[in-house]
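As a plain string of letters, each chain reads:
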Amino acid sequence: MEALGINLGYFLVQVLNFLIIVWVINAWIVKPVVGLLERRRESIAQGLEDARVAAEARANAEAEAEKVLADAQVKAGEIVREATERAETAAKDIKTSAEAEVSRAREEALAEAEQEKVRVLGDLRGQVAGLAMAAAQRLVGDALDEQRQRRLIEEFFSGVSSGKVVMLEDESISGSRAEVTSALPLTDSEKASVRQSVLSRLGEGAEISFRVDPNILGGLVIRVGDKVLDGSVSGRLSEMAEKLR
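Residues numbered from 1 in each chain as written. Predicted model: local features only at pLDDT ≥ 70, side-chain atom pairs only at ≥ 80, totals over all residues. Heavy atoms only, no water.

Undergrad: Where do I start with the overall build of the protein chain in this structure?
TA: On a plain count of helices and strands, the protein chain comes out with 4 helices and 6 strands. Starting at the N terminus and walking to the C terminus, you meet the elements of the protein chain as α-α-β-β-β-α-β-β-β-α. Burial statistics for the protein chain: of 245 residues in total, 18% are counted as buried. Across the protein chain, every contact between residues at least 6 apart in sequence was considered, and the portion connecting residues at least 24 apart equals 72%. Here the protein chain displays about 18,100 Å² of accessible surface, and carbon together with sulfur accounts for 58% of that area. (Helix = DSSP H or I, 4+ residues; strand = E, 2+ residues; numbered from the N terminus. Buried < 20%, exposed > 50% of the residue type's maximum accessible area, 1.4 Å probe, protein only. Contact = heavy atoms within 4.5 Å. Areas by Shrake-Rupley, 256 points an atom, 1.4 Å probe, with all protein chains shown as cover.)

Below, the structure is given as structure tokens:
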């Protein structure tokens with residue numbers, strides 16, 4: 001070594017110093033830097049993984065939100081449809097109820113009007129009877145007493161003579177229901193006589209109703225099914241007019 005001009009002791013010291021410097025650099029610089037880089041790499045990898053997980057979670061959340069929104073829209077549509085159907089049903093029920101109430105009120109008003117008309121005609125019957133009796137007295141003088149005149153007038157309006165409906169004696173009728181129309185309201189006794197006469201022809205189970213129509217002037221019109229027995233004054237006048245033609 002000395003022949004080469006190298007001091008062996010000094011060379012060894014330099015080699016030792018170099019090894020110490022390498023160890024120091026490796027221990028205090030390289031390893032910390034490598035460790036820092038490794039931790040940085042792991043941190044970046046973890047960040048990327050977290051970002052991937054977050055992206056998946058966000059995608060799942062968006063899909064779930066869309067599903068919830070779609071379900072909510074479907075549910076809202078069903079609620080709106082059910083509410084509409086209930087509203088329409090309620091409106092129909094209200095309309096039906098209102099129509100029924102109007103119809104009932106109209107029927108009650110018509111019934112009240114009919115009752116009032118019958119009452120007024122009943123009151124008028126006495127006045128007409130009085131006027132007719134006065135006219136008869138002027139025509140025949142005292143030949144007819146008041147009782148006889150009143151009986152004739154009652155027979156004129158009721159069509160009942162001696163407790164019987166004369167127009168039924170020669171007529172053939174059959175049915176389960178009869179409607180009797182008079183010019184003025186019949187008294188209870190007159191209704192009883194008419195009912196007895198009609199039932200004797202139709203049978204005890206027949207149903208009989210009474211109505212008032214001043215247009216027939218007097219007498220009775222009896223309808224049984226499709227058959228009409230016209231014993232009214234207006235009917236007789238029409239027959240006379242036809243014969244005169």
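Undergrad: Would you mind going over the nonpolar core with me for this structure?
TA: Across soluble globular proteins, nonpolar side chains have a tendency to be buried as a group. Formed by 15 residues in total, the largest nonpolar core has its most connected members in Val-198, Leu-202 and Ile-222. Of all the elements in the fold, those that place two or more residues in this core are β3 (177-182), α3 (188-202) and β5 (220-224). For this core, the leading source of residues is α3, giving 4 residues. Apart from residues no more than four positions distant in its own chain, Val-198 is found in contact with Leu-168, Ala-178, Ile-208 and Ile-222. (Core = buried A, V, L, I, M, F, W, Y, C linked by side-chain atoms within 4.5 Å.)

Undergrad: Help me out: how do you make sense of α3 in this one?
TA: Residues that lie three or four places apart on an α-helix share one face, since the helix turns once every 3.6 residues. With 15 residues, α3 should cover 21 Å at 1.5 Å per step; its first-to-last C-alpha distance of 20 Å lies within 8% of that length. Every buried residue of α3 is listed here: Glu-190, Ser-193, Val-194, Ser-197, Val-198, Leu-199 and Leu-202. Looking at the residues trailing α3, positive phi occurs at Gly-203, about 110°. (Expected span 1.5 Å × (residues − 1).)

Undergrad: Looking at this model, I keep getting lost on the packing of aromatic side chains. Mind explaining?
TA: Any pair of aromatic rings gets described here by the distance separating the centres and the angle formed by the planes. Inspection of the entire model under this criterion finds 0 aromatic pairs. Over the face of the ring belonging to Phe-210 we find Lys-191, whose NZ or CZ atom lies 5.6 Å from the ring centre. (Phe/Tyr/Trp six-rings, centres within 6.5 Å; stacked < 30°, edge-to-face > 60°. Lys NZ or Arg CZ within 6 Å of the ring centre and 35° of its normal.)

Undergrad: When you look at the environment of Val-180 in this model, what are you seeing that I'm missing?
TA: Along the chain, Val-180 falls in strand β3. For the pair formed by Val-180 and Val-224, sequence separation is 44 residues and the distance between their alpha carbons is 9.0 Å. With residues near it in sequence (within four places) discarded, Val-180 still touches Val-194, Ile-208, Ser-209, Phe-210, Arg-211, Leu-220, Val-221 and Ile-222.

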